[in-house]
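# Structure assessment
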Amino acid sequence: MMKLSLILSSIIYLFIGSYSDPQDEGIQVFAFDTETADASYICGATGILSPGFICLSRNGRLVYSVGEVPDVEKTTVNCLRFDPRKKTLTLVSSQPALGGAPSYIATSPNERMVVTANYYTGDITTCTVNRKGILGKPVVYGFEGHSVNPVRQTHPYLHGVFFTPDGSELWCTDLGTDLIRVFPVDKKGFPIIDKEHQRDYFTKSNLGPRHLVFSGDRPLAYLLGEMSGEVCTLDYSTPGQVRLVQALAEANEYKGESAADIHMSPDGRFVYSSYRNTGDGLAIMKVEADGTLTKVGYQRTGRYPRNFAISPDGRFLLLASRDDDVVEIYARDLETGLLTDTGKRIPFHNPSCLKFFVPKK
């Protein structure tokens with residue numbers, strides 16, 4: 001391990017969430033060196049049951065997490081404060097999530113509200129939050145419907161919540177109905193979540209929408225289907241419409257596997273998606289001139305890969321290998337997008353979510 005020195009320009013922060021007991025440090029912060037790919041522990045926080053997904057405020061000081069368990073009575077929404085000078089991560093506020101297995105959390109464009117996607121109960125929860133990180137009373141909004149799969153799509157299963165790059169809309173991915181549920185965001189930066197403003201867009205039967213990533217420079221989104229493993233290119237350039245342009249079935253060469261996560265490289269040239277079980281690995285796709293995807297490779301990984309993150313400079317991809325209790329570190333070829341295993345690992349029990357943050361110099 002390297003000597004900790006946050007003065008070096010190559011050092012960025014890495015936040016890791018996990019499936020853990022409240023007495024464990026379920027969220028930890030590391031210093032990650034983008035020159036050497038070494039990581040050094042800074043601090044961690046206890047007090048949360050299974051902080052399986054996290055997100056950060058724009059200044060990196062507030063960390064929001066879900067408490068992801070099936071039992072509605074035990075699920076939570078949480079806010080922690082990270083102090084890089086004191087090297088502390090402190091739980092500030094918690095509220096009940098009021099939904100089963102909250103699996104994703106995002107902050108509104110004005111950072112005055114957090115939204116969770118609750119998988120088992122098929123709804124979303126919103127909480128206001130003030131500048132000190134104090135969460136307000138939770139409000140739950142539910143959905144209706146089903147799709148074609150008689151086992152996994154009998155009712156809504158909300159899996160992700162994503163704000164568009166311009167902050168004008170909230171997209172909610174619903175595995176259970178093959179729909180994307182869309183709400184507008186008002187001029188103050190709050191999503192307007194009600195029946196009157198809700199718009200539903202059908203994706204593809206038996207897709208099971210899970211996570212998505214927006215293109216940074218054009219009105220395209222890349223949606224990962226958990227059930228089919230396909231990566232879909234969506235065009236939302238026409239107001240009030242979301243059009244399916246492509247469904248890349250060959251992204252997952254191990255048919256029948258469970259897709260997990262999707263991200264785009266910082267330069268916008270490549271998209272990666274992760275798959276769990278016997279085909280554990282990452283699909284590597286090139287973004288063509290028209291925005292569609294072409295598969296260029298598949299990187300086998302450790303067991304049960306979940307969330308992954310690409311360093312802001314694009315040089316490394318870090319992957320949470322849950323069943324191997326490690327975060328794996330891969331070097332990225334900036335030209336081809338292909339990955340090389342560095343052999344370096346961050347030991348971590350049940351890692352499930354990774355987030356990078358670049359501190360100001």
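Scroll up a little and you will see the structure.
First, a word on what this report is: a plain description of the structure on this page. (Residues numbered from 1 in each chain as written. Predicted model: local features only at pLDDT ≥ 70, side-chain atom pairs only at ≥ 80, totals over all residues. Heavy atoms only, no water.)

### Concerning the overall build of the protein
When helices and strands are counted, the protein shows zero helices and 28 strands. Its C-alpha radius of gyration of 19 Å places the protein within 12% of the 21 Å reference for a compact globule of 361 residues. Judged by the C-alpha coordinates and their principal axes, the protein covers about 55 × 45 × 35 Å. For the protein, the proportion of its 361 residues judged to be buried stands at 61%. For the protein, the share of sequence-separated contacts (at least 6 apart) that also reach a separation of at least 24 residues comes to 48%. Taken as a whole, the protein presents about 14600 Å² of accessible surface, with 51% of it coming from carbon and sulfur. (Helix = DSSP H or I, 4+ residues; strand = E, 2+ residues; numbered from the N terminus. Rg over C-alpha atoms; globule rule 2.2 N^0.38 Å. Buried < 20%, exposed > 50% of the residue type's maximum accessible area, 1.4 Å probe, protein only. Contact = heavy atoms within 4.5 Å. Areas by Shrake-Rupley, 256 points an atom, 1.4 Å probe, with all protein chains shown as cover.)

### Structural notes on the sheet that holds strand β23 (residues 293-300)
Read across the open sheet, the four strands follow the order β20-β21-β22-β23; overall the sheet is antiparallel. The sheet is open, and its two borders are formed by β20 (258-264) and β23, each paired with just one other strand. Within this sheet the neighbouring strands show an average axis-to-axis angle of 20 degrees, counted without direction. Here five bridges tie β20 to strand β21 (residues 270-276), and the two strands are oriented antiparallel to one another. Its bridge partner lying in β21, Ser258 is registered against Arg276. (Pairing = 2+ DSSP bridges. Axes fitted to C-alpha atoms, helices over the stretch in contact; angles between N-to-C directions.)

### Focus: the pattern of salt bridges
Under the criterion given, the structure shown has 17 salt bridges. Asp200 is the salt-bridge partner of Arg181, the closest N and O atoms lying 2.9 Å from each other. Highlighted residues: Arg181 in strand β14 (residues 179-184) and Asp200 in strand β15 (residues 199-202), separated in sequence by 19 residues. By sharing partners, the salt bridges in this structure join Arg152, Arg210, Glu226 and Arg276 into a single network. (Salt bridge = Lys/Arg side-chain N within 4 Å of Asp/Glu carboxyl O.)

### Observations regarding the environment of Thr203
Within the secondary structure layout, Thr203 lies in the loop between β15 and β16 (209-214). Distance from Thr203 to Val242, taken between C-alpha atoms, is 8.6 Å for residues 39 residues apart in sequence. Within the structure, Thr203 has its side chain in polar contact with the backbone oxygen of Asp178 (distance 2.8 Å). (Polar contact = N/O pair within 3.5 Å; in protein donor to acceptor, adjacent residues only side chain to side chain.)

### A look at the side chain of Asp280
Take Asp280: it is sitting in the loop between β21 and β22 (281-287). Buried charge without a salt bridge: Asp280, with Arg300 as the nearest opposite-charge side chain at an N-O distance of 5.7 Å. Within the local environment of Asp280, its side chain forms a polar contact with the backbone nitrogen of Asn277, the two atoms lying 2.3 Å apart. Contact partners of Asp280, with chain neighbours within four places excluded, come to Tyr275, Tyr298, Gln299, Arg300, Thr301, Gly302, Arg303, Tyr304 and Pro305. (Lys, Arg positive; Asp, Glu negative; His and termini not counted.)

### Overview of the packing of aromatic side chains
Summed over all chains, the structure comprises 17 aromatic pairs. Note on Tyr13 and Phe82: the rings are 5.1 Å apart at their centroids and 80 degrees apart in plane angle, and the pair reads as edge-to-face. With a gap of 69 residues between them, Tyr13 in strand β1 (residues 11-18) and Phe82 in strand β6 (residues 76-83) connect regions that are remote in the sequence. Residues Phe32 and Phe356 carry aromatic rings whose centres are separated by 5.7 Å and whose planes lie at 55 degrees to one another, so their mutual orientation is tilted. A residue pair is termed long-range when its members are at least 10 positions apart, and Phe32 in strand β2 (residues 27-33) and Phe356 in strand β28 (residues 351-357) qualify at 324 residues. Accessibility expressed as a relative area gives 15% for Phe356, which makes it buried. Through a chain of ring-to-ring contacts, three or more aromatic side chains come together here, namely Tyr13, Phe15 and Phe82. Directly above the aromatic system of Tyr304 lies the positively charged group of Arg322, at a separation of 3.8 Å from the ring centroid. (Phe/Tyr/Trp six-rings, centres within 6.5 Å; stacked < 30°, edge-to-face > 60°. Lys NZ or Arg CZ within 6 Å of the ring centre and 35° of its normal.)

### Remarks on the sheet that holds β16
Sheet architecture is open: four strands sit in the order β16-β17-β18-β19, paired in antiparallel fashion. Each edge of the open sheet is held by one strand with a lone partner, namely β16 and β19 (243-248). Neighbour-to-neighbour, the strand axes of this sheet turn through a mean angle of 25 degrees, independent of strand direction. Relative to strand β17 (residues 220-225), β16 runs antiparallel, the two sharing five bridges. Of the residues in β17, the one forming a bridge with Leu212 is Leu223.

### Let's talk about the environment of Gln241
In this structure, Gln241 sits in the loop between β18 (231-235) and β19. For Gln241 and Tyr201, which are 40 residues apart along the polypeptide, the C-alpha to C-alpha distance reads 7.8 Å.

### Brief notes about the environment of Thr173
Within the element layout of this structure, Thr173 appears in strand β13 (residues 169-174). Separated by 88 residues in the primary sequence, Thr173 and Arg85 have C-alpha atoms spaced 38 Å apart. Within the local environment of Thr173, its side chain forms a polar contact with the backbone oxygen of Arg210, the two atoms lying 2.7 Å apart.

Coordinates in, geometry out; function isn't part of it.
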